[in-house]
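Listed below are the residues making up each chain.
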Amino acid sequence: MAQTLDADVIVIGSGIGGLVTATQLAAKGASVIVLERYLIAGGSGGYFERNGYRFDVGASMIFGFGDRGTTNLLTRALAAVNMKMETIPDPVQIHYHLPNNLEIEVHRDYEQFIKELGDRFPHEREGIRKFYDECWKIFNCLNAIELLSLEEWRYLMRVFFQNPFACLGLAAYLPQNAGDIAKKYILDPELLQFIDMECYCWSVVPADRTPAINAGMVFSDRHYGGINYPVGGVGKIAEKLAEGLDKAGGEIRYGARVTQIIPKAKSGKGAIGVKLASGETLYAKKVVSNATRWDTFGNLLKDEPLPSGEKGWQSRYQKSPSFLSLHLGVEASAIPDDAACHHILLEDWNDMQKEQGTIFVSIPTLLDRSLAPEGHHIVHTFTPSWMSEWEGLSPSEYEAKKNEAARKLCDRLLAIFPKLEDCLDYQEVGTPRSHRRFLGRTDGTYGPIPAGKPLGLLGMPFNRTSIPDLYCVGDSTFPGQGLNAVAFSGFACGHLVASSLGLV
Ligand SMILES: Cc1cc2nc3c(=O)[nH]c(=O)nc-3n(C[C@H](O)[C@H](O)[C@H](O)COP(=O)(O)OP(=O)(O)OC[C@H]3O[C@@H](n4cnc5c(N)ncnc54)[C@H](O)[C@@H]3O)c2cc1C
């Protein structure tokens, strides 16, 4: 007997990937239900409030809010459901504080950045220019075409005939890594370490394991669309997308944890709906999972054999570490008014990839004062950390370990903000366990990283899965981590599903 359908599409999870998929589909006329296990939308792009501070859970350095080209995917995702956001331009993407007093600011202005880096490495001026200019070539190809699903042949044909040179350019870069391009032009080992850090701080792997396409996007868009902070905090992006979804006729349910994707009864091969922790069952023509692929296949389909495509992917990619996060509220006098919003700190190159090696710092109140009580700043500091470091501890051992880790992080931060220690007003520590608990991500992982040297982006899975009518979206699908990247994944997934429903 045919099931009564609750919607055309069920989306599991309201991270930015899930929300962009849902809004794209709703805007095209599909009926959509988003099921979110937590109390608010946004996932890693969400927020929490304590003592008058509004903290970003994770992301604070936001790409994709430009007003031109095609790579401004957050602007475009909001516009698709008649929403827009006010943002504040960030004049500096990152201020790096690296070993051997390597202090570099990545200015929004490309020439200013290239000059500053060239002044530090005068013998490599030409190589620096050639490397970053090649990244622009990749970006210009991406930015010339509509970014939709590479799995939909009619789109591929259309985009190829509209812009064959951009498509061929991208195809050539698809199997390449940023490190190979850097080494064509640059010899200085310290400068190559800097390029490693330029990649590591968003891909969590060095340049020779970072796909050239992603590097082209990040290293150019920061000077093109720029880094722009959403007024009211990063959580506002998900709030606006959820509002747009509602206005477009879609629905989002909170506290709705999916426990199982229901396979088609007879064949056992297709997805027809989901079961919730409440015991409720919902049916749809298509199911999209915004949970990570490990959670989708390891938890929501745990009674099904792991498809060979997923086995292959899991052997090529591994889970990246999670983060130890320190959310601080501090008196404003701790932070100079002219400090950059985002900082990277590393004292020894050998520690870049180690547990709690590289430190990331964001102070979004330098751009939007409304996020903290008057006269105060938010300082979000985080550093890679593995789940294995935090398991098997008694509650008191766990608390003690958190406090000790926070103290060490604060001590290291004094190198950039010497007054910090005397100005602390509020402190909250998140560990990989917090990321797993609140974001529903296995081991709290930040996402996939290649297990060995990848063939650029060629090994990343797209949205379709080997289970009919089941799709994945988010940072464990092409093109990977970051809000603008998962928005790309959402555009692609929305387009692919809409095409299979005959809506485009
Ligand atoms: C500390 C940190 C800092 C970061 N900094 C930046 C940055 O500065 N800039 C940037 O662009 N990116 C940054 N990122 C990365 C970026 O936040 C993520 O790549 C992106 O938000 C992931 O989005 P997603 O849609 O794939 O998944 P998620 O954000 O993980 O969302 C998935 C959603 O699905 C829900 N869910 C999962 N399972 C179920 C289930 N069974 N039932 C119902 N709901 C479920 C979850 O609750 C969650 O809301 C950062 C990430 C972290 C952790």
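Keep in mind that this is a model prediction, so the values were computed, not measured.

Conventions used here
- Residues numbered from 1 in each chain as written.
- Predicted model: local features only at pLDDT ≥ 70, side-chain atom pairs only at ≥ 80, totals over all residues.
- Domains from an automatic or database assignment.
- Contact = placed C-beta atoms within 7 Å.
- Nonpolar A, V, L, I, M, F, W, Y, C, P; charged D, E, K, R; others polar.
- Axes fitted to C-alpha atoms, helices over the stretch in contact; angles between N-to-C directions.
- Helix = DSSP H or I, 4+ residues; strand = E, 2+ residues; numbered from the N terminus.
- Left-handed = near helix turned anticlockwise from the far one by under 90°.
- Buried ≥ 20, exposed ≤ 12 C-beta atoms within 10 Å, placed from the backbone.
- Expected span 1.5 Å × (residues − 1).
- Core = buried A, V, L, I, M, F, W, Y, C linked by C-beta atoms within 7 Å.
- Near = placed C-beta within 6 Å.
- Pairing = 2+ DSSP bridges.

**Q** Summarise the domain arrangement of the protein chain; cite the residues concerned and give the values.
**A** Many authors give the size of an interface as the accessible area that is lost as the parts come together. In terms of domains, the protein chain is made up of domain 1 (7-50 + 58-85 + 230-317 + 443-500), domain 2 (108-228) and domain 3 (321-434). In this structure, domain 2 and domain 3 have C-alpha centres spaced 29 Å apart. Each partner contributes residues to the interface: domain 2 has 6 residues there, and domain 3 has 7 residues. Class assignment for the residues of the side of domain 2 that touches domain 3 results in 4 nonpolar, 1 polar and 1 charged.

**Q** Describe in detail the packing of helix α1 (residues 16-27) against helix α15 (residues 483-500), supporting the description with residues and values.
**A** Between α1 and α15, the least distance of the axes is 7 Å, while the angle of their chain directions is 35°. Classified by chirality, the crossing of α15 by α1 is right-handed. For the pair formed by α1 and α15, the contact residues are I16, G17, V20, T21, Q24 and L25 on the first element and L483, V486, A487, S489, G490, F491, C493, G494, H495, V497 and A498 on the second.

**Q** Let's hear about unusual backbone geometry: which residues, and what values?
**A** Of the consecutive residues F478 and P479, the connecting peptide bond is found in the cis state with omega at 5°. Mapped onto the elements, P479 comes out in the loop between β20 (470-472) and α15. Backbone geometry at N82 places phi at a positive 60°, although glycine is not the residue there. Note on placement: N82 falls in the loop between α2 (73-80) and β5 (87-89). Overall, the presence of 11 C-beta atoms within 10 Å leaves N82 in the exposed class. Residue D469 is not a glycine yet carries a positive backbone phi of 70°. Among the secondary structure elements, D469 is positioned in the loop between β19 (448-450) and β20. Residue class for D469 comes out buried when judged on the 22 C-beta atoms lying within 10 Å of it.

**Q** I'd like a description of helix α9 (residues 212-224), backed by residues and values.
**A** Between its first and last C-alpha, α9 extends 18 Å over 13 residues, near the 18 Å set by a 1.5 Å rise per residue. Of all 13 residues that make up α9, 12 are buried, and the element is covered over most of its length. Every buried residue belonging to α9 is among A212, I213, N214, A215, G216, M217, V218, F219, S220, D221, R222 and H223, and all of these are buried. Two residues or fewer after α9 comes G226, characterised by a positive phi angle close to 85°.

**Q** Go over the nonpolar core with me, naming the residues and quoting the values.
**A** Core analysis: the biggest nonpolar cluster contains 143 residues, and V9, I10, V32, L245 and A487 have the highest contact counts within it. Of the residues forming this core, the biggest block, 11 residues, is contributed by α15. Apart from residues no more than four positions distant in its own chain, L245 is found in contact with L19, A22, T23, A26, V34, V81, G250 and I252.

**Q** Which residues make up the site of the ligand, and what values go with them?
**A** G13, G15, G43, G58 and G474 are the nearest of the 39 residues found near the ligand. Here the element with the most residues in the shell around the ligand is α1; it accounts for 3 residues. Residues of the shell around the ligand, tallied by class, amount to 16 nonpolar, 17 polar and 6 charged. Two domains each donate at least three residues to the shell around the ligand, and these are domain 1 (7-50 + 58-85 + 230-317 + 443-500) and domain 3 (321-434).

**Q** An account of the sheet that holds strand β17 (residues 376-385) is requested, with residue identities and associated values reported.
**A** Spatially, 7 strands are ordered β7-β6-β15-β16-β17-β14-β18 in an open sheet, and the strand pairing comes out mixed. Strand pairing shows two members of the sheet lacking a second neighbour, β7 (102-107) and β18 (424-430), which therefore form its edges. The sheet shows a mean angle of 15° between the axes of neighbouring strands, taken without regard to direction. The pairing of strand β6 (residues 92-98) with β7 spans 5 bridges and is antiparallel. Its bridge partner lying in β7, V92 is registered against H107. Lying over the sheet, helix α8 (residues 189-203) contacts β6, β7, β15 (342-345) and β16 (359-362), oriented at roughly 125° with respect to β6. Strands β14 (322-331), β15, β16, β17 and β18 of the sheet are contacted by helix α13 (residues 395-413), whose axis makes an angle of about 125° with β18.

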